[in-house]
Every structure is written in C-alpha cells, then in structure tokens.
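The chain contents come next:
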Amino acid sequence: MIDHQLIDTYAREISEEKQTSVISGSAASTDKRYTVLFKDYENPDELRKLAGKIKDHTLHHLDSYLEQAEVSLQRNGVQVHFADTGDDAKATILSILKDRGISKLTKSKSMAAEEIHLNPYLIEHGIECLESDLGEFIIQLDDDVPSHIVRPIIHKNRREIARTFQREGIAADYNDDPETITRRARVFLREKYMQAEAVITGGNFISAESGRLVLVTNEGNSRFGMAPSKVHIALVGIEKLVPTDKDLAVFLNLLGRSATGQQLTVYTEFISGPKDTSQPSGPEEMHVVFLNNGRTDVLESNCREILRCIRCSACQNVCPVYRQASGHAYRATYGGPVGAVLSPLLAGKEFPELADLPKASSLCGACNEVCPVDIPIPDLLLRLRDKAKREKIHSPGAPPMSPFATLATTPSLWRTAMTMSKAMNHLPIQVAPVKPLQEWLGQRTLPEWHGGDFRKWFNSRSNKSKQS
Ligand code: SF4
C-alpha cells in the first residue's frame, strides 16, 4: 500500500455531493471577488501591498500598539483582559459570566472562540451558549465543525439543512427552500436573543488610536445579540490591531471584496464601548479579551507574515487542494492555505501532528495572488517544510529527497547518472516489482530521457566560440 498524505485520504473519501458544494461555493466567491475588485480599482495590487505594509508595521510594533489600544479601550469604558493561553481566555470569560450570574448568551461568529473551543467549555460549566450566525447555528445543531472561515457550512447543501431543522424541531416539516429555512431560523433565534443576558463576539479589527472595535457581518446577528444583552465580551486575537481609524478604510475595502465579493458587508459596526445613558438599549458593560495563544511565538518565528491575515478566506476559495478535500481535511480550526501555515504554528508542541499540512500544496501561488494583505503563503509553506525536515518529522506520502540531494550536489555522480539515464528508456521499469513505483507510474507516462545532451551541446558551443 502506498503511504498517502492525510489530505489525499480525505479528498478520496469525501462524498461527491460535499465536494460539489465546496467546489461550486468556492468558485462563485472567487469569481465575484475578481469582478468587484477589478471593477472598482485600476490597480488592486497596489492596495493589497499597502495593506500588507500596514499590517507588517503593526506587527513590528505590536507591543506598543497593544499598550496604546489598552489605554484607548479603557478610555472608552471597556475592561481589557490579556489571555496568554486558550485556557486563560476561557477562564476569564467564565468568571465574567459567573460573577454576574449569567447563564444564557448568544454568540456571534468568532474564529478565535473556535480555536480555543469556547462553546463546549461554557456549556460544560452550565452556560447556555447559542450560535447566532446562521451557518454556525446549523453547525451547532449538527455537532459539526466549520469547514470554511467565512462560509462555515460550505460543505452542506440545503437538503441536509432542512433535514437538520426537522430533526431538531426548529421546523415542523421538511422544507428545503432557502428562504423558508432562513425565516424559520430567524423566528427561532429572535426569541433566543431576547432571553440572552450576554453576547460574545469576535472582532475583525481594533483601532489602537481610538479603541474602536469593528465587527463585520452580513446577517446583523451581532447587532441583534447586543441590543438586549447587558454584557458584551469580545474575544480578539492580538494580531487584529491596526494603528489608526484611517487604516480601517483600507482593510474594510479589501475584506468584503476578498471574502464574499461585496464592496462592503451588509453590517459594519464600529463599537466604542458600552452604551451611554442617552442610548435606550445595548450592553452596559463591555470587555475585550486579547488572545495570545501562541501568536507571540509565531511573531518570533520566520513565518510571522501569517499574522497579517484578516481571515477573508480568498486563499481557501482559490486553492485547488482545499476545493478537492474541503476544510475538515486540515483537522484544525483554520483550513486551506492560511490554515496550512497557521494551524501547525499555533499547535506549538503539537507541531508534528500538523506538520503534513504545508506539504499538501502544489505551490501554485494562487493563494499569494489573491491575498489582500500580500502574505507570501508559498514561501511560508516552504519554511515550514524545512522546519519539519530539520525536526525529522515523518511525513506520509512524501518521497525521500535525500538521494536526489546527494546526486544534485555531487557533480561527478550527477554526470555519470545523466549519461547512464539514457539506459532508462530501454528498461521495463513499469513492471519492476516495487508497488509504490508501479502505482506512481500507473498515473503518469515518463518522458524520454535525454540525459547529458545539454553538457555536450554547451561544450561544443564553447569550443566553437573559442575557434572563431
Ligand atoms: S491568508 Fe490572506 S487570503 Fe488567506 S484568509 Fe488570510 S488574508 Fe485572506
């Protein structure tokens, strides 16, 4: 049996129905992105280079921007917490809730919360925690995990969702009309919003200058969650900072276009602290929990550029590997090209368990081309492959390259091998009793070897030029 990479195994086993959903969903997002970006900007590349530079600058001075953000947030009446690990963040959030006797909350989509497995933790501690993003809500009902950053249920179709609603009693009958599904979810969720005492959100950006938290959604679910709640807790990765409010314009212009092909998402909220006395509703108390969870280690590594990521998912949509295998194949919160870099890095000591992810790429470079913050993802994948090699981590499905390295770095051996290689044309290697070789050759036809001809040609040219 040939040793396969895990992602290959997922890609082989994924049902055709799921794969079709992923491929068509990703392709539609990529097409929309392309149309809207090139229609609106003469040179979108300039904009993404600028965004990359702003993020790069922020990461280089992250310590001082974090200090500035803390002061700005506190000036706005926000309580600021720093969580070094996922466990610290969970404990902080739980103690805020318990101290206030809160047992019911709604949650607006947050990848950071997925990363630290916040939901099961809160539920285990007696807190009713309801996802309010439609996709995440369905994921919660199915006891599933997201497979895409922006479209968590890209792997599901409306028939599956209709069956889930019927099974869970959200709907009395089976109806797979998308509008009916949405209407039913809305009726169910609106009642839950009114019962919730707190809301947990993520944060797309925080301006260090003003302490404004920016939330970008299409369903307005964070707004709904916030209106009746008394407490708002935002869990935000430390890399989500931008220096000034002016910078937000650059990122908001790029985020919607890159994520869903919209010029701007339907709801863009700028939250400057808890409600004041003139406002009729909204949280009276606001907390921001800054999550580290390995990010400072990434910052110190040679892959720090990945922290520029604004979670737009454009790289997932365009990646041929992601499209074939779907997000679950990446076995971590972040899938696709961004996940292939970020997940092994955030895994810390568990790096070996995800060290195969950077190898599941053809290095075609499409991810780098679409990335709105110009992250050189293929370079980072290579750096992680190098790290895995140095740490001697076994990688299934990868052919051993050391014999080739010896050959390529020993000129005499190389010359001999090239001269001998012509003999390969006459050897029946297709019938060699080596199973992996047979499987490999079963999918390809080897070209005819021309070994050694280049040297002969080059030498003859040099001789000619000397004679003339
Ligand atoms: S790596 Fe770039 S393209 Fe991929 S999600 Fe992050 S910002 Fe978007």
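Residues numbered from 1 in each chain as written. Predicted model: local features only at pLDDT ≥ 70, side-chain atom pairs only at ≥ 80, totals over all residues. Heavy atoms only, no water.

- With an unreviewed UniProt entry as reference, the protein is termed Lactate utilization protein B, source organism Luteolibacter soli.

**Observations regarding the packing of aromatic side chains**
- Scanning the entire structure with this criterion turns up 10 aromatic pairs.
- An aromatic cluster is present here, built from Phe137, Phe165 and Phe188 joined pairwise through their rings.
- Above the plane of the ring of phenylalanine 351 lies lysine 387, whose end atom (NZ or CZ) is 4.5 Å from the centre. (Phe/Tyr/Trp six-rings, centres within 6.5 Å; stacked < 30°, edge-to-face > 60°. Lys NZ or Arg CZ within 6 Å of the ring centre and 35° of its normal.)

**Structural notes on the environment of valine 373**
- Mapped onto the fold, valine 373 is located in the loop between α18 (366-370) and α19 (377-390).
- Spatially, the C-alpha atoms of valine 373 and leucine 255 are 9.7 Å apart, while their sequence positions differ by 118 residues.
- Ignoring anything within four residues of it in the chain, the contact list for valine 373 reads Arg48, Ala51, Gly52, Lys55, Phe251, Arg308, Cys309 and Ile310. (Helix = DSSP H or I, 4+ residues; strand = E, 2+ residues; numbered from the N terminus. Contact = heavy atoms within 4.5 Å.)

**Regarding the pairing of strand β4 (residues 198-201)**
- Going residue by residue along β4, you find Ala198 and Ile200 tucked away on one face and Val199 and Thr201 tucked away on the opposite face as well.
- Here three bridges tie strand β2 (residues 104-107) to β4, and the two strands are oriented parallel to one another. Paired with threonine 106 across the two strands is valine 199, which belongs to β4.
- Sheet analysis places β4 next to strand β7 (residues 231-237), joined by four bridges and oriented parallel. (Buried < 20%, exposed > 50% of the residue type's maximum accessible area, 1.4 Å probe, protein only. Pairing = 2+ DSSP bridges.)

**A closer look at the site of the ligand**
- The local shell around the ligand consists of Cys309, Ile310, Arg311, Cys312, Ser313, Cys315, Val338, Cys371, Pro372, Val373, Ile375 and Ile377.
- Classifying every residue of the shell around the ligand gives 10 nonpolar, one polar and one charged. (Near = heavy atom within 4 Å. Nonpolar A, V, L, I, M, F, W, Y, C, P; charged D, E, K, R; others polar.)

**Brief notes about unusual backbone geometry**
- In this structure, leucine 363 is a non-glycine residue whose phi angle is positive, near 60 degrees.
- Taking the relative accessible area as the measure of exposure, leucine 363 reaches 30% and is therefore partly exposed.
- With a phi close to 55 degrees, aspartate 374 is a non-glycine residue in the positive phi region.
- One can find aspartate 374 in the loop between α18 and α19.

**Quick word on the sheet that holds strand β8 (residues 241-242)**
- In spatial order, the strands read β8-β5-β6-β9; together these four strands make up an open sheet with mixed pairing. Each of the sheet's edge strands pairs with one partner strand only, and the pair in question is β8 and β9 (267-271).
- As judged from the two bridges shared by strand β5 (residues 205-207) and β8, these two strands associate in the parallel manner. Counted as the bridge partner of isoleucine 206 is leucine 241 from β8.
- Against the sheet, helix α12 (residues 245-260) contacts β5, β6 (213-217), β8 and β9, and its axis sits at roughly 165 degrees relative to β5. (Axes fitted to C-alpha atoms, helices over the stretch in contact; angles between N-to-C directions.)

**Quick notes on a negative patch on the surface**
- Taken together, the side chains of Asp84, Asp88, Asp297 and Glu300 present a region of like negative charge at the surface.
- Counting through the fold element by element, aspartate 84 comes out in the loop between β1 (79-83) and α5 (86-99). (Patch = residues over 30% accessible without salt bridge, like charges linked within 9 Å, V, L, I, M, F, W, Y side chains within 5 Å. Areas by Shrake-Rupley, 256 points an atom, 1.4 Å probe, with all protein chains shown as cover. Salt bridge = Lys/Arg side-chain N within 4 Å of Asp/Glu carboxyl O. Lys, Arg positive; Asp, Glu negative; His and termini not counted. Charge placed at Lys NZ, Arg CZ, Asp CG, Glu CD.)

**Concerning the side chain of glutamate 136**
- Here glutamate 136 shows up in helix α8 (residues 134-142).
- Although glutamate 136 is buried, it forms no salt bridge, and the closest oppositely charged side chain is lysine 109 at an N-O distance of 4.3 Å.
- When near neighbours in sequence (up to four residues on either side) are disregarded, glutamate 136 contacts Lys109, Glu114, Glu131, Pro146 and Pro152.

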